[in-house]
Amino acid sequence: MDKEVTYRVGIPVMGVRGESLGRLEKVLLMESRHQVTALVVRSLDSMHILPLDRVTELNAAEIRTNVTPEELHGFPVFDPTQYEEVPPWFFPPGHHIELGALVTIKPLDVREQGEEDALTRRAFMGRSVAILAAAIGVSLLVPIGGYIMAAATTPVKDSWRDLGVKLQDLPMDEPVSHSFRAFSVSGWMRVPEERSVWLIRHSGVSDPQSEPEDKILGLDSPLELANSDPRLTVLSPICPHLGCEPQWHKGQKLFICPCHHSIYQLNGKRIGGPAPRPMDQLPVRIASDGSISVIYEQFAIGIAAKKRLA
Ligand code: FES
């Protein structure tokens, strides 16, 4: 089931001989939220969890399986108290739901839930000793490990990078995705990474619609404000909603994020979808010969504030 799949609550679930097993009630996601693992089938008297690998065909009208009604009744009964609902947009790529029709759920962390009840006095004592020993170990490790880890994990501030492209070579009002190789330096490591930015050269036509939302909302830091140029906008390729990569749709003249359909204008201004802020603008400098340099920065996703990582 790795093709694109649409799940619809209520559609019939058919058995191995084409007999009705019931109707689709819910879809189970793994806790990581990346994978659909099972379907919940409501039969006349109960709801059972049907593993996804028993599904042989899924189309808009019905779900076909290779199980018999007897087998279905042997599958675990769905217990709603053991699951937690997640919003539809947590659905993994390649799987879709009919909006408003489906409730998606993921398992609760049962380890945490059952732990306290299961803790006997003996187990409690054993754990206490182990925790004490661990605490002593940690207290010894902290000064030594702290010294080593500080160097290894303190990210070094990124610096200006010449993109090897000149302003005059860019088309007007047409975003260009520019990839470049950079090294992220962190502690002892120098790691080569492929990065990309959107470069948007402006024709200079004054258009109040095109006022960057960053400026309206006051999201930009002094670094970005001091390093901006009305001739060029440089945007991060990372959607501030959940980190997908919005694509430029030439016909509509909009950036549209494929994951949850956040929509942005040419300059990154957000006009639709769940994104909490506009696309992130990056600091840019244009040399007298037109050479473009940027500072590649990354920001926290899922929040309205433009909070720099690192
Ligand atoms: S990641 Fe959700 S809209 Fe872009």
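You'll find the structure just up there.
So, a few notes on the structure that sits alongside this text. Given the structure is predicted, the values throughout are model-derived calculations rather than measurements.

Definitions and limits used
Residues numbered from 1 in each chain as written. Predicted model: local features only at pLDDT ≥ 70, side-chain atom pairs only at ≥ 80, totals over all residues. Heavy atoms only, no water. Salt bridge = Lys/Arg side-chain N within 4 Å of Asp/Glu carboxyl O. Helix = DSSP H or I, 4+ residues; strand = E, 2+ residues; numbered from the N terminus. Phe/Tyr/Trp six-rings, centres within 6.5 Å; stacked < 30°, edge-to-face > 60°. Buried < 20%, exposed > 50% of the residue type's maximum accessible area, 1.4 Å probe, protein only. Core = buried A, V, L, I, M, F, W, Y, C linked by side-chain atoms within 4.5 Å. Contact = heavy atoms within 4.5 Å. Pairing = 2+ DSSP bridges.

This part is about the pattern of salt bridges. Tallied over the full model, the rule gives 14 salt bridges. The salt bridge partner of Lys306 is Glu224, with a shortest N-O separation of 3.7 Å. On the criterion of sequence distance, the pair formed by Lys306 in the segment after β20 (291-294) and Glu224 in helix α5 (residues 222-226) is long-range, its members being 82 residues apart. Across the salt bridge formed by Glu224 and Arg308, the nearest N and O atoms sit 2.8 Å from each other. One end of the pair, Glu224, is in helix α5; the other, Arg308, is in the segment after β20, with 84 residues separating them in the sequence.

So, on to the packing of aromatic side chains. One pass over the structure, following the stated rule, counts three aromatic pairs. Aromatic side chains Phe180 and Tyr296 sit 6.2 Å apart centroid to centroid with 70° between the ring planes, which places their arrangement in the edge-to-face category. Taken as a pair, Phe180 in strand β12 (residues 176-186) and Tyr296 in the segment after β20 lie far apart in primary sequence, 116 residues in all. An identical accessibility class is assigned to Phe180 and Tyr296; each is buried.

If you look at the biggest cluster of nonpolar residues, it comprises 19 residues, and the most contacted ones within it are Tyr7, Val13, Leu24, Leu39, Leu50 and Ile63. With four residues, strand β3 (residues 20-29) is the largest single contributor of residues to this core. Dropping the residues within four chain positions of it, Leu39 is found in contact with Tyr7, Leu24, Lys26, Val27, His48, Ile49, Leu50, Leu52, Val55 and Ile63. Ranked by size, the runner-up nonpolar core spans 18 residues in total, among them Leu163, Leu170, Leu232 and Val294.

Here we take up the pairing of strand β5 (residues 47-51). Buried residues dominate β5, accounting for four of its five residues. Of the strand pairs in this sheet, strand β4 (residues 36-42) and β5 are connected by five bridges, and their pairing is antiparallel. Paired with Val41 across the bridge in β5 is His48.

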